[in-house]
Amino acid sequence: MKFSNREIFFTGLALLAMFFGAGNLIFPPMLGLQSGVELPWALLGFIVTGVGLPLLGVTAVAKAGGDLEFLANRVHPLFSKIITTLAVLCIGPLLAIPRTAATTFEVSIAPFLNAGSSISTQMALFLTTLIFFAVTLFFVLRPTEILGNVGKILTPLLLLFLGIIIFKGVTNPLVDFGKSTYSSPFSQGFLEGYNTMDAIASVIFGMVIVKGIKAKGVTDNNHIAKITTIAGIIAAVGLAVIYSGLAYIGATTGTTFNGDNHGQMLSFLSEALLGAPGKIIIAIVMALACLTTAIGLVASSGEYFSRLSNNRLSYNTVAIITTLVSILLANMGLANILKISVPILVVIYPIIIVLVILALFHNLFKGKKAVYVYAITGTILVLAADMIYSLGMALGINLKLIKNLLGMLPFQQQGLGWILPALAAAILAIFTSSAKTKERHL
């Protein structure tokens, strides 16, 4: 059976909806504000990690026929369990799920709190997260198609409203481009793209799309990979257009917005461009979009950790634990969640990137296990050294040797020092394996 162009297009839209979490909306405007006149370079870096990597992730999964756990298993089964667990924790209770509730508060509740209100901001945040996760848990523990149908309505509605905001902001910008606060726009945009967490999600979402295609009767693996890749391109184009538009209106905000809160900035832009109705509409749509995202993520976390425990922990038990942890972390506030997300993601992302790139070139080096092991080892050694040095600095210990070694790596100042060691280790593994093969034939 072959997919029609129409079916491929709607598969691409489905993938876009999966990637299009409410949290993704809050980063591009702030990127634009901080990059100002350097927006093109910062946006390019952001699109590489926020759009390009998810596309590569989906493609790699489709070609390999397995998700992140499958790809990481090419290094070692234990490593596979560890990195997949860390990835699910990132897009689950440690970062993404608490962020949905915190974003709901910042965009949908905080802008409407009066300065003289009898309820404190912290109490309002607590009540918001409590209600938010109570509703989330209600739907997670009682699977229903209602949320799926709501999601089908919400995603187009959110896209429509964003289209209106972007059109108004592009055709009638608030001010001219502001000054850039970035010293290295491309690399800072590259690292900022980590916050979308879409590259991590892509190696999980990819298999969902593959299974959906197989369920419609497509059995040829090459055809499945082709359909998934085209669907990925459609989703990537959609994300790139949205990110570019939001970043542009952020860059033309100038000094009209004072602050560093990502959620409040989105609310500010909606009101500044569309008036009071804009502020209300974005509040309602964002709250519902965050809710549907949270339900999907809690359900996914419940299924994964229940399976990881060999069902010793039931799906419902894991879902409840996930929700309780998310309530605690959500009450740290959006700004603090984003602060702790950076050091976690700068460790997870490089490993995911290396696995995805290796999976894409798997046939080129004949899938030699040593290539995976060497490249991942090289990446982890650099990341570990960076972590040890940062910890030493925090404790007032000057680890000069590690500092000097790290300083010798290209792109280390930009947070990308792991690239050359990973590449060099992979090449070394290829030549070493080839030499051993020749020796056996002699």
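Calculation criteria
- Residues numbered from 1 in each chain as written.
- Predicted model: local features only at pLDDT ≥ 70, side-chain atom pairs only at ≥ 80, totals over all residues.
- Heavy atoms only, no water.
- Axes fitted to C-alpha atoms, helices over the stretch in contact; angles between N-to-C directions.
- Helix = DSSP H or I, 4+ residues; strand = E, 2+ residues; numbered from the N terminus.
- Parallel < 35°, antiparallel > 145°, perpendicular 65-115°, else oblique.
- Contact = heavy atoms within 4.5 Å.
- Nonpolar A, V, L, I, M, F, W, Y, C, P; charged D, E, K, R; others polar.
- Disulfide = S-S within 2.5 Å.
- Buried < 20%, exposed > 50% of the residue type's maximum accessible area, 1.4 Å probe, protein only.
- Left-handed = near helix turned anticlockwise from the far one by under 90°.
- Salt bridge = Lys/Arg side-chain N within 4 Å of Asp/Glu carboxyl O.
- Core = buried A, V, L, I, M, F, W, Y, C linked by side-chain atoms within 4.5 Å.
- Lys, Arg positive; Asp, Glu negative; His and termini not counted.
- Polar contact = N/O pair within 3.5 Å; in protein donor to acceptor, adjacent residues only side chain to side chain.
- Phe/Tyr/Trp six-rings, centres within 6.5 Å; stacked < 30°, edge-to-face > 60°.

Trainee: I would appreciate a short explanation of the packing of helix α2 (residues 27–35) against helix α12 (residues 262–274) in the present structure.
Mentor: Between two packed helices, the angle of one axis relative to the other and the distance separating the axes together describe the packing. Two elements in contact, α2 and α12, have axes whose closest approach is 8 Å; the angle formed by their N-to-C orientations is 90°. As summarised for this structure, α2 and α12 are arranged roughly perpendicular, according to the angle between their axes. Contacts between α2 and α12 involve F27, P29, M30 and L33 on the former and, on the latter, H262, M265 and L269. Here the contact of α2 with α12 is composed, by residue class, of six nonpolar, one polar and no charged.

Trainee: For this particular structure, what's the right way to read the state of the cysteines?
Mentor: In the structure shown here, the tally under the stated rule is zero disulfides. There is no disulfide at C90, and the cysteine sulfur nearest it, in C290, is 18 Å away. Of the residues examined, C90 reaches a relative accessible area of 2% and is grouped as buried. Residue class for C290 comes out buried when judged on its relative accessible area of 0%.

Trainee: What am I meant to see in the packing of α2 against helix α11 (residues 221–251) here?
Mentor: In contact at an axis separation of 6 Å, α2 and α11 are set at 45° when each is read in the N-to-C sense. Regarding the angle of α2 to α11, the classification is oblique. Judged by the twist between their axes, the crossing of α2 over α11 is right-handed. Contacts from P28, P29, G32 and L33 of α2 reach α11 at Y243, L246, A247, G250 and A251. Class assignment for the residues of the contact of α2 with α11 results in seven nonpolar, two polar and no charged.

Trainee: Quick question: what am I supposed to make of the pattern of salt bridges here?
Mentor: If charged atoms from side chains of opposite charge come close, those side chains can pair. Within this structure, the stated rule accounts for three salt bridges. Note that R307 and E69 form a salt bridge whose closest N and O atoms lie 3.6 Å from each other. Of this pair, R307 sits in helix α13 (residues 276–308) while E69 sits in helix α4 (residues 68–72), and the two are 238 residues apart along the sequence. Classification of R307 by relative accessible area gives partly exposed; the value is 47%. By relative accessible area, which is 18% here, E69 ends up buried. Each of E69, K81 and R307 takes part in one network of salt bridges that share partners.

Trainee: Is there a simple way to think about the nonpolar core in this case?
Mentor: Side chains of nonpolar character tend, in soluble globular proteins, to be buried together. I200 and L355 are the most contacted members of the largest nonpolar core, which totals 123 residues. Looking at which element gives the most residues to this core, the answer is helix α15 (residues 334–360), with 15 residues. For L355, the contacting residues outside a window of four places in its chain are L68, L71, A72, V75, F79, Y372 and I376.

Trainee: What is the right way to read the side chain of R74 from this model?
Mentor: By the element assignment, R74 lies in the loop between α4 and α5 (77–90). It turns out R74 is buried and unbridged, and the closest side chain with the opposite charge, D67, is 10 Å from it. A polar atom in the side chain of R74 sits 2.8 Å from the side chain of Y372.

Trainee: Any chance you could explain the packing of aromatic side chains here in plain terms?
Mentor: Each aromatic ring pair is summarised here by two numbers: the centre-to-centre distance and the angle between the ring planes. Applying the stated criterion across every chain yields a total of eleven aromatic pairs. Ring geometry for F132 against F133: centres 5.2 Å apart, planes inclined by 85°, an arrangement best described as edge-to-face. Residue class for F132 comes out buried when judged on its relative accessible area of 7%. The buried category is assigned to F133, whose relative accessible area is 1%. A centroid spacing of 5.0 Å and a plane angle of 75° characterise the contact between Y304 and F305, whose relative ring orientation is edge-to-face. In terms of burial, Y304 and F305 fall into one category: buried. Site record: aromatic cluster; members linked through ring pairs are F186, F190, Y194 and Y349.

Trainee: Just checking my understanding: could you explain the environment of M207 for this structure?
Mentor: Summarising the element assignment, M207 is placed in helix α10 (residues 198–215). Discounting chain neighbours no more than four positions away, the residues touching M207 are V61, G65, G66 and D67.

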